[in-house]
Amino acid sequence: MTTLSSVNITILGSASAQPSSTRNHSSLALRLDGDVWLFDCGEATQHQIQKSSVKMGRIQKIFITHTHGDHIFGVLPVLAMRLNGAGGTVDVEDPRAVSAPEDVPSLEIYGPLGTRAYVRNGLIYTHTLLGMPYVVHELRFPTDPPDGDHTALPPHPMERPGRNIAQVDGVWPEIFKGALVTVSAAPILHSVPCVGYVVDELPVPGKMDPQKYIPELKRTKTPMSVMRQLQQGESVTLSDGTVLHGPQKKPGRKIVILGDTYDPSPIAALAKDPCLLIHEATNAHLPGIDPATKDTDTYEIVEERAKSRGHSTPQMAGAFAKRIGARKLVLNHFSARYAGDDDVNEETARVMGRIRELAEGTYGGEVVCARDLMSFEVGARKE
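Residues numbered from 1 in each chain as written. Predicted model: local features only at pLDDT ≥ 70, side-chain atom pairs only at ≥ 80, totals over all residues. Heavy atoms only, no water.

(A) Spotlight on unusual backbone geometry. Even without being a glycine, N84 presents a positive backbone phi close to 55°. Looking at the secondary structure, you find N84 in the loop between α3 (75-82) and β5 (86-87). Judged by relative accessible area, N84 falls into the partly exposed class, the value being 46%. Positive phi outside glycine occurs at D273, with the angle close to 60°. In this fold, D273 is placed in the loop between β16 (254-257) and β17 (276-280). (Helix = DSSP H or I, 4+ residues; strand = E, 2+ residues; numbered from the N terminus. Buried < 20%, exposed > 50% of the residue type's maximum accessible area, 1.4 Å probe, protein only.)

Printed below as a string of structure tokens:
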């Protein structure tokens, strides 16, 4: 396969610190054709996966933005379920108590310092056995120790050695590079070390006009099978020396997924011109709409309060979307005071509609407020 036929995002959790009956803790699933990558994995993510069309067995990677509990507490249950885990028992032989064969691929986890220690300690102290291996790659900040695992415990039997990835010019370029997609990362400002991720689809073949090539192929009796090479943007030299050039490749899809932040400026250059930006909007000033709004509050007060806790308002998210030239903005990570049933509740719909309008006012583009189990396609860039 040379291009992705489908790129889909499913919101598994859209709440901030406290979940509610209508919003689960933070997590989303990015589906690249059949593979599933999770971004953050808050408590009860495995339950949300079971309620969705996301397939647990297709999860290949988990990207953690920061180690606050509402973004990482769900990792261990997901690992246990995805990797055929079980609780260990005394004096009973179990093949899951030994290392996996080398030819078995690992589930990959990426996150800041502490991710590896959290996973290792959680699995070992809960006596959790796994049937397949995993590996944790840590994105190390300049202030972090460059080496070590940040824990005295030895690796879990199914844990394989991971990389400690240092920054290059303030970012982590291409922490993953596959045949069709790369992932890079950069720090964003929060109350603890936090990361934003940029998923880049590699350039894809441009539109091809067969009539441009067929006469030349017939004239030189060149097999029509070379059309496949031309379709991929390659050049083909014919028997008489004529060189045919395939259509120029066009940029692939680009998705920017941010963790909690009051200022994502450090990722701005890496995040330029995305098809989609996912940005938090924890707090909003909604006088006349949200009855919990304090009479003494102003937008400036709400913004300062959000920033002091490491978070953003819809206007801040919209301004950043405009700054980087995002084609679409999805708001998530809402305070528990904003319910997630706006598809069936008129009062909630008014609240979320106003939050959307606040972001639109500083952005000018399409804004969507995330709702748990919402699923949508990320289409290819237009010609």
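(B) Focus on α3. If you check which residues of α3 are buried, you get V75, L76, V78, L79 and R82. Along the axis of α3, the buried residues cluster in a sector spanning 165°; they form a single face. In this structure, the buried side of α3 is in contact with β3 (35-41), α1 (45-51), β4 (59-63), α2 (69-72), β6 (107-112) and α4 (115-125). Phi for N84, located one or two positions after α3, is positive at around 55°. (Arc of directions from axis to C-beta. Contact = heavy atoms within 4.5 Å.)

(C) Summary view of the pattern of salt bridges. The tally for this structure, following the rule as stated, stands at 21 salt bridges. Across the pair R58 and D35 runs a salt bridge, and its minimum N-O distance is 3.9 Å. Separated by 23 residues along the polypeptide, R58 in the loop between α1 and β4 and D35 in strand β3 bring together distant segments of the chain. Looking at R58, the relative accessible area reads 38%, which means it is partly exposed. A residue is classified by how much of its surface remains accessible, and D35, at 33% relative accessible area, is partly exposed. Put simply, R305 and D297 hold a salt bridge, and the shortest N to O gap is 2.9 Å. Relative accessible area serves as the criterion here: at 26%, R305 is assigned to the partly exposed category. Residue classification places D297 among the buried residues on the basis of a relative accessible area of 11%. Through salt bridges with shared partners, a single ionic network connects R116, R120, E138, R140, D149 and E159. (Salt bridge = Lys/Arg side-chain N within 4 Å of Asp/Glu carboxyl O.)

(D) The domain arrangement of the protein, seen in detail. The domain boundaries assigned to the protein delineate domain 1 (7-89 + 101-203 + 251-377) and domain 2 (210-245). A C-alpha centroid distance of 46 Å is found between domain 1 and domain 2. (Domains from an automatic or database assignment.)

(E) Highlighting the packing of aromatic side chains. Under the criterion given, the structure shown has eight aromatic pairs. For the pair F141 and W172, a centre-to-centre distance of 5.1 Å together with 75° between the ring planes defines the contact as edge-to-face. Pair noted here: F141 is in the loop between β8 (134-140) and β9 (159-160) and W172 is in strand β11 (residues 172-177), with a separation of 31 residues, a long-range link. On the accessibility criterion, W172 (0% relative accessible area) is buried. (Phe/Tyr/Trp six-rings, centres within 6.5 Å; stacked < 30°, edge-to-face > 60°.)

(F) Spatial organisation of the sheet that holds β16. With respect to topology, seven strands assemble into an open sheet ordered β11-β12-β13-β16-β17-β18-β19, the strand pairing being mixed. Single-partner strands in this sheet number two, and they are β11 and β19 (366-369). Going across the sheet, the axis of each strand differs from the next one's by a mean of 20°, ignoring polarity. Relative to β16, strand β13 (residues 194-201) is paired through four bridges, and the arrangement is antiparallel. Paired with V199 across the two strands is I255, which belongs to β16. This element, helix α8 (residues 314-324), spans β17 and β18 (328-332) of the sheet and lies at about 155° to β17. With respect to the sheet, helix α9 (residues 346-363) is in contact with β18 and β19, its orientation differing from that of β19 by roughly 150°. (Pairing = 2+ DSSP bridges. Axes fitted to C-alpha atoms, helices over the stretch in contact; angles between N-to-C directions.)

(G) Here's a closer look at the environment of D149. Secondary-structure assignment places D149 in the loop between β8 and β9. For D149, a relative accessible area of 27% translates into the label partly exposed. Not counting residues up to four positions away in its chain, the partners in contact with D149 are R116, A117, R120 and R140. Among the polar contacts listed, one links the side chain of D149 to the side chain of R120, at a separation of 2.9 Å. (Polar contact = N/O pair within 3.5 Å; in protein donor to acceptor, adjacent residues only side chain to side chain.)

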